[in-house]
Each structure stands twice: as structure tokens, then as C-alpha cells.
Amino acid sequence: MPALHNNNPELDVMSWMRITADEVAPTPWRNGGGRTRELLAWPHVADWKVRISVADIERDGPFSAFPGVDRWFGVLSGDGVILRGRALKPNEGIVHFPGEDAPQCALIGGPTQDFNAMHRRGAGVFRVQPADRPVIPHGAQWLGLFTQEGGMLVHGHRSVPLAPHTLAWCESPAAQSCVFDDGDRHGPAWWLIWSKT
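The notes below deal with the structure included here.

What counts and what doesn't
Residues numbered from 1 in each chain as written. Predicted model: local features only at pLDDT ≥ 70, side-chain atom pairs only at ≥ 80, totals over all residues. Heavy atoms only, no water. Buried < 20%, exposed > 50% of the residue type's maximum accessible area, 1.4 Å probe, protein only. Helix = DSSP H or I, 4+ residues; strand = E, 2+ residues; numbered from the N terminus. Pairing = 2+ DSSP bridges. Salt bridge = Lys/Arg side-chain N within 4 Å of Asp/Glu carboxyl O. Axes fitted to C-alpha atoms, helices over the stretch in contact; angles between N-to-C directions. Core = buried A, V, L, I, M, F, W, Y, C linked by side-chain atoms within 4.5 Å. Contact = heavy atoms within 4.5 Å. Disulfide = S-S within 2.5 Å.

**Regarding the pairing of strand 10 (residues 95-98)**
Here is the key point about a regular strand: its side chains alternate between the two faces of the sheet. The two faces of strand 10 differ: V95 and F97 on one face are buried, but H96 and P98 on the other face are not. Direction of pairing for strand 7 (residues 69-77) relative to strand 10: antiparallel, over a ladder of 4 bridges. The partner of R71 across the bridge, within strand 10, is F97.

**Some words on unusual backbone geometry**
The peptide bond linking W42 to P43 adopts the cis configuration, its omega dihedral lying at 0°. Within the secondary structure, P43 sits in the loop between strand 4 (34-42) and strand 5 (50-57). Although it is not a glycine, N91 adopts a positive phi angle of roughly 65°. Examined against the element boundaries, N91 turns out to sit in the loop between strand 9 (86-88) and strand 10. Residue classification places N91 among the exposed positions, given a relative accessible area of 52%. One non-glycine residue, A102, lies in the positive phi region at around 45°.

**Some points on the pattern of salt bridges**
If you walk through the whole model with that rule in mind, you get 7 salt bridges. Across the pair R35 and D56 runs a salt bridge whose closest N-O atoms are separated by 3.4 Å. Here R35, found in strand 4, pairs with D56, found in strand 5; they are 21 residues apart in sequence, far enough to count as distant. What makes R35 partly exposed here is its relative accessible area of 30%. Across the salt bridge formed by R35 and E58, the nearest N and O atoms sit 3.5 Å from each other. Taken together, the positions of R35 in strand 4 and E58 in the loop between strand 5 and strand 6 (61-62) put the pair 23 residues apart, joining distant regions of the chain. A cluster of three or more residues bridged by salt bridges with shared partners is formed by R35, R37, D56 and E58.

**Notes on the sheet that holds strand 18 (residues 178-181)**
One open sheet holds the 3 strands; their spatial order is 16-15-18, and the pairing between them is antiparallel. Strand pairing shows two members of the sheet lacking a second neighbour, strand 16 (158-162) and strand 18, which therefore form its edges. Strand-to-strand, the axes of this sheet are offset by a mean angle of 20°, without reference to chain direction. Where strand 15 (residues 151-155) lies against strand 18, 4 bridges are found, and the strand directions are antiparallel. The residue bridging L153 from the neighbouring strand is F180, located in strand 18.

**Focus on the nonpolar core**
Looking at soluble globular proteins, one finds that nonpolar side chains tend to be buried together. Core analysis: the biggest nonpolar cluster contains 23 residues, and L39, I52, F126, W142, L167 and L192 have the highest contact counts within it. Aside from chain neighbours lying at most four places away, what touches L192 is I52, F115, F126, R127, V128, W142, L143, G144, L145 and L167.

**Some details on the sheet that holds strand 4**
Strand order across the open sheet formed by 6 strands is 3-4-5-12-7-10, with antiparallel pairing between neighbours. Two strands lie at the open edges of the sheet, namely strand 3 (27-28) and strand 10, each paired on one side alone.

**Section: the state of the cysteines**
Tallied over the entire structure, the rule returns 0 disulfides. Distance from the sulfur of C178, which forms no disulfide, to the nearest cysteine sulfur (C170) is 7.9 Å. Overall, C178 belongs to the buried group, its relative accessible area being 0%.

Below, the structure is given as C-alpha cells:
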């Protein structure tokens, strides 16, 4: 996970880290219904506040229960799923629900690849929002971006190229404008913002 640095002293406290789903070996689900690639468990694998992953769903079935965790789910590729009574397809938004619910998930037309974000409830404040607009991370202690198609992340005077299926993140981000440009690809992409309060 290479860190990108800048010679500007104002930005010395920051470094953007990147990882792609292709770099992570998939872990099969116990029920045989799919596989997960965990991109990041932050700040520690054993005691995470934020967990980001990409999943391949191969057959219908219930989600695993995660008590005390809030979840965000969006379809990256495939024909989509029916989740919580809603048809969800690529570029059609993201669903937020309590991890205790463990809802049933039904494939619409075959296997899908999907984005998953989890946040441990009560451990700060976590937001997920589309990356089609700039964001200024005022008061954020952690800022992330996930992109399905890749593109260019610009934070202040720094440009960070992103390959497809990439999670990029920065601890203690400077409160400067962050812009994501994926050219004409217009694939799913989300800002991920964590703060203590």
C-alpha cells in the first residue's frame, strides 16, 4: 500500500494510502454464497471502527448479522440485487441499515460484485456519500474514497491517481477541497468520512 508524499510542509502530516481489490485474496463465506476481499479494517484489524470490503455474491441468502454495527451496501457490477425490498443496481445509490438486521439478499440476474462499509456504532461518526461532488473534510480524522472505475483524486495541491477497484484513505486530512474525477467512466464511487464527534 504505497504512501504518496508531497514536499509542501503544510501537507507533511498527510499521506494517502491505496489498495486495490485485486491485491487482496478473497475469503470464501461459510455458507458458500460468495467471497469477501477486506480492503481495510481501521484503525486496527482486531479492534476496528471502520471496515471496508468488496464482496462477490454468487447466490441468494441472508447477510451475516453484525450486532452493534451500521452497514452501507452498494452494487458495483452485475444485474443487481433485491435488498430490504429495494432493487439495487450499479450507480443506483447505496443502502444503509443496522448490522443486526441481517436482511435477505436476492440476485436479480446472476452474480454481483458489491461494496460494503461497516462502522462500529458509538465509535465516532461515519458518513458515506457519493463522490460526484467535492468534499472538504473539516473536523475529520479519517477520509477515504472508493472507486469502481478509477480516476484522479485531487486533495488541495496533491493529485493521487487511482486504479479501478481502489480504496484510498488518509489519516488527519487537511481541511482542503477534495475532488474526484473519473473522466467519462461515471462508475460507482463514494467518499468515506470518519470523525470523533
